[in-house]
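Architecture at a glance
Listed below are the residues making up each chain.
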Amino acid sequence: MSDTSQDGAVAVSAPPSSDEGLTPAQLAAKYHLSVSGARPGFSEYVRQLWGRRHFIMAFSSAKLAAQYSQAKLGQLWQVATPLLNALVYFLIFGLILNAGRGMTKDVYIPFLVTGIFVFTFTQSSAMAGVRAISGNLGLVRALHFPRASLPVSFSLQQLQQLLYSMIVLLVIVVCFGNFPRLSWLLVIPVLALQFLFNTGLALIMARMGAKTPDLAQLMPFIMRTWMYASGVMFSITEQLKEQPAWIADVLQWNPAAVYMDLVRFALIDGYGAEHLPPHVWAAAVIWAVLFGALGFVYFWKAEERYGRG
């Protein structure tokens, strides 16, 4: 169409567009557009995460190598730190407070060291998870990748650190008269279940920490309380035998205590099944599957919000 203006110029108007009247959703469908940074479907998200498995492995190894790069002893601190903690706890709880009553020193020292190493695995995974997103905003905002890669890689980093520590733990266990036997193989499924639990916990903490960065300041107090309630330094059944039975049951069934007690049972000859709660293996599997599945779904639900705001 054309119109003639007063000065004789001819103006040509554009023909009506076929897009007029279409909603944004219809326009997106017509031109095959998608929202930038939108959360993918669950199966697609799992596929993307599996596709980044090499990045996850490399990132966790790099973080582990860089953790003590400025210290003269380097990676030895991976083992020295929990050993020093064990020494302090033995002096305070073992000698002064007699927290190892009911156990000989040959049992209590491996009991204490095992508890510290295993609990530190969960503690470090949770602490790393809470900063996984908030502490890596530059990476999150610069690159497009499934954000679950970060808490998963941090949990894997803690597993690698634990495996180094396990060498020292086994030496200590042998030094106190606990020699290799078939039950030591039980450590493998226990640590696999604990890793699944820790990964789910790290994913939960990562989403919470991304929304509330101040949670990182509160976590040391939460973890310290959890440590004291999990029987790291004492036998729950022995210390609480004069208290109502439900208190010991609650503490024994918490996941940190479950995994610690199973490793102790596997490695220490003098730590028998009488110290374990009933159906302890079922509890270990349930905690791992529950936290692993719910933690992954909980984190995935907020995928498009990480790094924004």
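In short, a report on the structure. As the structure is a prediction and not an experimental result, all values here were calculated from the model.

Here is what the cut-offs are and how they apply
Residues numbered from 1 in each chain as written. Predicted model: local features only at pLDDT ≥ 70, side-chain atom pairs only at ≥ 80, totals over all residues. Heavy atoms only, no water. Axes fitted to C-alpha atoms, helices over the stretch in contact; angles between N-to-C directions. Helix = DSSP H or I, 4+ residues; strand = E, 2+ residues; numbered from the N terminus. Parallel < 35°, antiparallel > 145°, perpendicular 65-115°, else oblique. Contact = heavy atoms within 4.5 Å. Nonpolar A, V, L, I, M, F, W, Y, C, P; charged D, E, K, R; others polar. Left-handed = near helix turned anticlockwise from the far one by under 90°. Core = buried A, V, L, I, M, F, W, Y, C linked by side-chain atoms within 4.5 Å. Buried < 20%, exposed > 50% of the residue type's maximum accessible area, 1.4 Å probe, protein only. Patch = residues over 30% accessible without salt bridge, like charges linked within 9 Å, V, L, I, M, F, W, Y side chains within 5 Å. Areas by Shrake-Rupley, 256 points an atom, 1.4 Å probe, with all protein chains shown as cover. Salt bridge = Lys/Arg side-chain N within 4 Å of Asp/Glu carboxyl O. Lys, Arg positive; Asp, Glu negative; His and termini not counted.

Moving on: the packing of helix α2 (residues 42-51) against helix α13 (residues 280-300). Orientation of α2 relative to α13, taken along the N-to-C sense of each, is 100°, at an axis distance of 12 Å. Considered as vectors, α2 and α13 are oriented roughly perpendicular to each other. For the pair α2 and α13, contact is made by Phe42, Tyr45, Val46 and Leu49 and by Phe296, Val297, Phe299 and Trp300, respectively. When its residues are assigned to classes, the contact of α2 with α13 shows eight nonpolar, no polar and no charged.

Moving on, we come to the packing of helix α3 (residues 53-67) against helix α7 (residues 149-175). Contact geometry for α3 and α7: axes closest at 8 Å, N-to-C directions at 55°. Taken together, the axis directions place α3 and α7 in an arrangement best described as oblique. Seen along the crossing, α3 lies across α7 with a hand that is right-handed. Packed against α3, whose contacting residues are Phe55, Ile56, Met57, Phe59, Ser60, Ser61, Lys63, Leu64 and Gln67, the element α7 presents Ser149, Leu150, Val152, Ser153, Phe154, Leu156, Gln157, Gln160, Gln161 and Tyr164 at the interface. Residues that form the contact of α3 with α7 fall into these classes: 10 nonpolar, eight polar and one charged.

Once that is clear, we can look at the nonpolar core. Note on soluble globular proteins: their nonpolar side chains tend to be buried together. Of all hydrophobic cores here, the largest spans 84 residues; its most connected members are Tyr108, Phe119, Met219, Met233, Tyr259, Leu267 and Phe299. Among the elements that take part in this core, helix α5 (residues 105-130) stands out by supplying 15 residues, more than any other. For tyrosine 259, the contacting residues outside a window of four places in its chain are Val118, Val190, Leu193, Gln194, Phe197, Ala284, Trp287 and Ala288.

Among the surface-exposed residues, Leu84, Leu87, Val88, Leu91, Ile92, Leu95, Ile96 and Leu97 lie close enough to one another that they form a single nonpolar patch of about 740 Å² accessible area. A relative accessible area of 46% means that valine 88 is categorised as partly exposed.

Another aspect to go through is the environment of arginine 101. Its place among the elements puts arginine 101 in the loop between α4 (77-96) and α5. Residue arginine 101 is classed as partly exposed on the basis of its relative accessible area of 38%. For the pair arginine 101 and serine 235, spaced 134 residues apart in the sequence, the C-alpha separation amounts to 8.5 Å. Sequence-distant contacts of arginine 101, defined by excluding residues within four places in its chain, comprise Glu238 and Gln239.

A few words on the side chain of arginine 207. Inspection of the secondary structure assignment puts arginine 207 in helix α8 (residues 187-211). It is glutamate 304 that comes nearest to the buried, bridge-free arginine 207 among opposite-charge side chains, at 8.3 Å. When residues no more than four places from it in sequence are discounted, the contact partners of arginine 207 are Tyr298, Phe299, Lys301, Ala302, Arg305 and Tyr306.

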